Amino acid sequence: MSCSPSSSCAGLACCIRHGFQPSVPAWGPTGELPHTGSGERLENTMEAIENAMAQRADLLELDCQLTRDGVVVVSHDKNLYRQSGVNRDVGSLDFEELPLYKEELEVHFSPGHFAHGSDRHMVRLEDVFRRFPWTPMSLEVKEQNEELIRKIAGLVRHYERDEISIWASEKSSVMKKCKAANPKMPTAFTISRGFWVLLLYYLGLLPFISIPERFLISFLPTIINRTYFPFSCSGLNQLAAVVSKWLIMRKSLIQHLEQRGVQVVFWCLNEESDFEVAFRLGATGVITDYPTALRRYLDHHGPPALAS
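Read on for an overview of the structure. (Residues numbered from 1 in each chain as written. Predicted model: local features only at pLDDT ≥ 70, side-chain atom pairs only at ≥ 80, totals over all residues. Heavy atoms only, no water.)

**Observations concerning the overall build of the protein**
Selection criterion: Secondary structure follows DSSP: runs of H or I at least 4 residues long count as helices, runs of E at least 2 residues long count as strands, and numbering of each begins at the N terminus. Residues are treated as being in contact if the distance between any of their heavy atoms lies within 4.5 Å. In this description, accessible areas are obtained by the Shrake-Rupley approach with a 1.4 Å probe, and a residue is regarded as covered only by the protein chains that are shown.
Helices and strands together make up the secondary structure of the protein, namely ten helices and twelve strands. Within the protein, contacts between residues at least 6 apart in sequence are counted, and of these 66% link residues at least 24 apart. Accessible surface, the protein: about 13100 Å² in total, of which carbon and sulfur atoms supply 54%.

**Focus on the environment of Thr 222**
Looking at where Thr 222 falls in the secondary structure, it is placed in the loop between strand 10 (215–219) and helix 7 (234–248). Sequence-wise, Thr 222 and Ser 244 are 22 residues apart; in three dimensions their C-alpha atoms are separated by 8.7 Å. If near-sequence neighbours (up to four positions away) are discounted, Thr 222 is found in contact with Met 249, Asp 274 and Val 277.

**Concerning the layout of surface pockets**
Quick note on the threshold: A 1.4 Å probe that fits but cannot get out identifies a cavity on a 1 Å grid over protein atoms alone, an open set with protein on both sides within 12 Å along at least five of seven lines counts as a pocket, and a residue lines either if it has an atom within 4 Å of a point. Grid points are joined across faces, edges and corners, and a volume is the space filled by probe spheres set on the points. Gly falls in the polar group here, along with every residue not listed as nonpolar (Ala, Val, Leu, Ile, Met, Phe, Trp, Tyr, Cys, Pro) or charged (Asp, Glu, Lys, Arg).
If you add up the space inside the second largest pocket, you get close to 280 Å³. Lining the second largest pocket are 16 residues; nearest its centre among them are Gln 65, His 76, Lys 78, Lys 142 and Glu 143. Ranked by the residues each element gives to the lining of the second largest pocket, the list is headed by strand 3 (residues 59–66), at three residues. Of the residues contributing to the lining of the second largest pocket, the split by class is six nonpolar, four polar and six charged.

**Some details on the packing of helix 9 (residues 272–281) against helix 10 (residues 291–301)**
Heads up, the condition is: Each axis is a line fitted through C-alpha atoms, and for a helix only the stretch in contact is used; angles between axes span 0 to 180 degrees, taken between their N-to-C directions. Any angle from 65 to 115 degrees is called roughly perpendicular, while one under 35 is roughly parallel, one over 145 is roughly antiparallel, and all others are oblique. When the near helix sits turned anticlockwise from the far one by under a right angle, the crossing is termed left-handed; a clockwise turn instead gives a right-handed crossing.
Contact geometry of helix 9 with helix 10 gives a least axis separation of 10 Å together with a crossing angle of 60°. One finds that helix 9 runs oblique with respect to helix 10. Viewed along their axes, helix 9 and helix 10 form a crossing whose handedness is right-handed. Facing helix 9, whose interface residues are Glu 272, Phe 275, Glu 276 and Phe 279, helix 10 presents Ala 293, Leu 294, Tyr 297, Leu 298 and His 301.

**Observations regarding helix 4 (residues 146–158)**
Rules: Expected helix span is given by 1.5 Å per residue-to-residue step, counting one fewer step than there are residues. Only protein chains enter the accessibility calculation, which uses a 1.4 Å probe. A residue is then buried if its area is under 20% of the maximum for its type, exposed if over 50%, and partly exposed in between. Note: the arc covers the axis-to-C-beta directions of the helix.
With 13 residues, helix 4 should cover 18 Å at 1.5 Å per step; its first-to-last C-alpha distance of 18 Å lies within 8% of that length. If you check which residues of helix 4 are buried, you get Leu 148, Ile 149, Ile 152, Ala 153, Leu 155 and Val 156. Relative to the axis of helix 4, the buried residues are bounded by an arc of 160° and lie together on one face. Turned more than 90 degrees from where helix 4 packs its buried face, Arg 150 and His 158 sit exposed. Taken together, the buried residues of helix 4 touch strand 3, strand 4 (72–74), helix 3 (125–131), strand 8 (137–140), strand 9 (165–168) and helix 5 (172–181). One or two steps after helix 4, the chain reaches Glu 160, where phi turns positive at roughly 50°.

Okay, structure coming up:
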């Protein structure tokens, strides 16, 4: 129930909340997780992060990669071709050799729409820590790269932000190494752990099982076959939409998790109707490519009341 390998948002996410504590259910169903504006600025640049923070974001979700000379950078993709046109992996280049982003990038969850920005530089994780020292951040590690994990853990300790930095990974094997590197950091569900929770929920056993994770980050099923296409076959996408909607979109499940201290976040929502669906389900936050639009929605509508 975390972001699947082919579907993670290609920018970075941020959440606008009325307060944030990773270890407790501090958020109500009013939050915004702008995808640091990969629809409004070029993804994963400092300009995009600052744009999202200007919308009063309370959480940044960052994908991390490691350069050849050991610098942790914020980048969704391991390979640079999509963002820059240069067919090289981040890990094959020193930080100073990283290419500029293209002048425009297609917004993954808004096909046919393109983002632009004056800042085209990749950003170091350390620079984000320095720029926003008190902002909680989710730090996703996509592969078993022990040096990357060790570097992230070290930066978090150095800047004394263990309690406001969240380990995230799709893979349980990676998460195990992350928790060993810095066990003080709260964690998000991996995919396998998410399925385990669903199984326990439908068996009626979830209330009796401990839940160490503090975040559940999942796609919203209603975007499948509209803006999110996990499979190349349209028939499989239609089936996935129906099955996942039946499995995941349960108010009682979300309410139970939040009562247990788990904050539930849906991605990657770019339309007002999807904001409404997510918040009515009881979501803690929403990831979007358009933080300004989501902020406008929240300012105009306020937190939607939960349906009974």
